[in-house]
Amino acid sequence: GMQSHLQALLSLYKLFCPEQVTITLPGKMKTYFKNSGGPWKAAITAVRQRNQGTSPLSQAVFLGTCQPQSRKRKWNAQLVIPASSTNTKNLEEDKEKSHVYLYSTNESFPVEQLRTFPQLLQNIHRLEFPSQMGSVLTNPLLLHYMNCVKDESIYLRLYFWMGQMLQEECTWCVVDNPNEEEFKSFLETVYKAECFLQEGFSACEEFLYKTLPLWDGFCCRSQVLRLVSWIPLSSSSDIKSYLYDPLAQLFFTSSIYFKCSVLESLKELLQNWLNCSVIQVDLEVSS
């Protein structure tokens, strides 16, 4: 049966090779392979680096994981739809072997050929999603598809990919990360996608809850506060401990501009909660 430690291991496989793990894994599960002192080590290392300058530093730790090695890739390259979505040849071979046709009428429609909204309507039931889920964030047609077809596998793939990206590129948790402007641009892209979908991403919510205690209130300020406005409604105790308490520590020691920015973000958060509640009530009444 499914055991918690096996689920955690499978989630790592699904992060790097999602097409190899076909089973559905829970969105939230117990964290394994974790060093509980990670956030404190990252904060202490950052302070030492600022105060001592050239002092020898051990490798930075971000939320229990070591700082990833430089991948020497073009930033945001995964936000562009790749030339080929999946290995269609292997899919056809599997169908011939098993004599089971996954599509009863037509072949799948690769998303790199999707250009117009009428194309989306004509092929909405046979779209073949890209292997790089980040490209969904910058494609309005694919975001329309996510809104219309509530496919759990799409959200899970996006959850794993986005969680890893946010963890690796966070400029205030990974020491000596020079990509602040690129990280700002990525957060802006995530925020625009949330506005389009009219709902927040669970990976983004977890990222904010984990990193707000380490945030200095200055780095990527406008982007972080915008993402805060799309945190989904949850229990009051969780909201207080994970959101209000970290913001309150910064609120009482910061400038008037920061205070106004926080209040504006919380006002938008309340508006989004009310809008979601109204939509839910309308759906229940109509049903």
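Bear in mind that the values here come from a model prediction, so they are computed numbers and not experimental data.

Let's shift gears to the overall build of the chain. A tally of helices and strands in the chain yields 11 helices and four strands. Classification of the 287 residues of the chain by burial places 39% in the buried group. Within the structure as shown, the chain displays about 17200 Å² of accessible surface, and the carbon and sulfur contribution to it stands at 56%.

In this section: the confidence of the model for the chain. This prediction gives the chain a mean pLDDT of 77; 75% of its residues lie at or above 70. Looking across the chain, the model is least confident in strand E1 (residues 61-62), with a mean pLDDT of 38, and most confident in helix H9 (residues 221-228), with 94. Here residues 54-75 scores under 50 on pLDDT; set against residues more than four positions off or in separate chains, the count is 44 contacts. Scored below 50 in pLDDT, residues 87-91 shows three contacts in the model against residues more than four places distant or in partner chains.

With that settled, consider empty space enclosed by the protein. Applying the stated criterion across every chain, the model contains one cavity of 30 Å³ or more. In this structure, the largest cavity encloses a volume near 30 Å³. If you trace the largest cavity, you find it lined by Glu 194, Gly 200, Phe 201, Cys 204, Glu 205, Leu 208, Leu 227, Trp 230, Ile 231 and Pro 232. The element best represented in the lining of the largest cavity is helix H8 (residues 202-211), accounting for three residues. In the lining of the largest cavity, the residues fall into seven nonpolar, one polar and two charged.

Quick look at the environment of Gln 20 now. Summarising the element assignment, Gln 20 is placed in the loop between helix H1 (4-16) and helix H2 (38-52). Of the residues examined, Gln 20 reaches a relative accessible area of 61% and is grouped as exposed. C-alpha of Gln 20 to C-alpha of Leu 10: the two residues are 10 residues apart in sequence and 9.9 Å apart in space.

Conventions adopted
- Residues numbered from 1 in each chain as written.
- Predicted model: local features only at pLDDT ≥ 70, side-chain atom pairs only at ≥ 80, totals over all residues.
- Heavy atoms only, no water.
- Helix = DSSP H or I, 4+ residues; strand = E, 2+ residues; numbered from the N terminus.
- Buried < 20%, exposed > 50% of the residue type's maximum accessible area, 1.4 Å probe, protein only.
- Areas by Shrake-Rupley, 256 points an atom, 1.4 Å probe, with all protein chains shown as cover.
- pLDDT = per-residue confidence, 0-100.
- Contact = heavy atoms within 4.5 Å.
- 1 Å grid on protein atoms, 1.4 Å probe; cavity = no way out; pocket = protein on both sides within 12 Å on 5 of 7 lines; lining within 4 Å.
- Points joined across faces, edges and corners; volume = space filled by probe spheres on them.
- Nonpolar A, V, L, I, M, F, W, Y, C, P; charged D, E, K, R; others polar.

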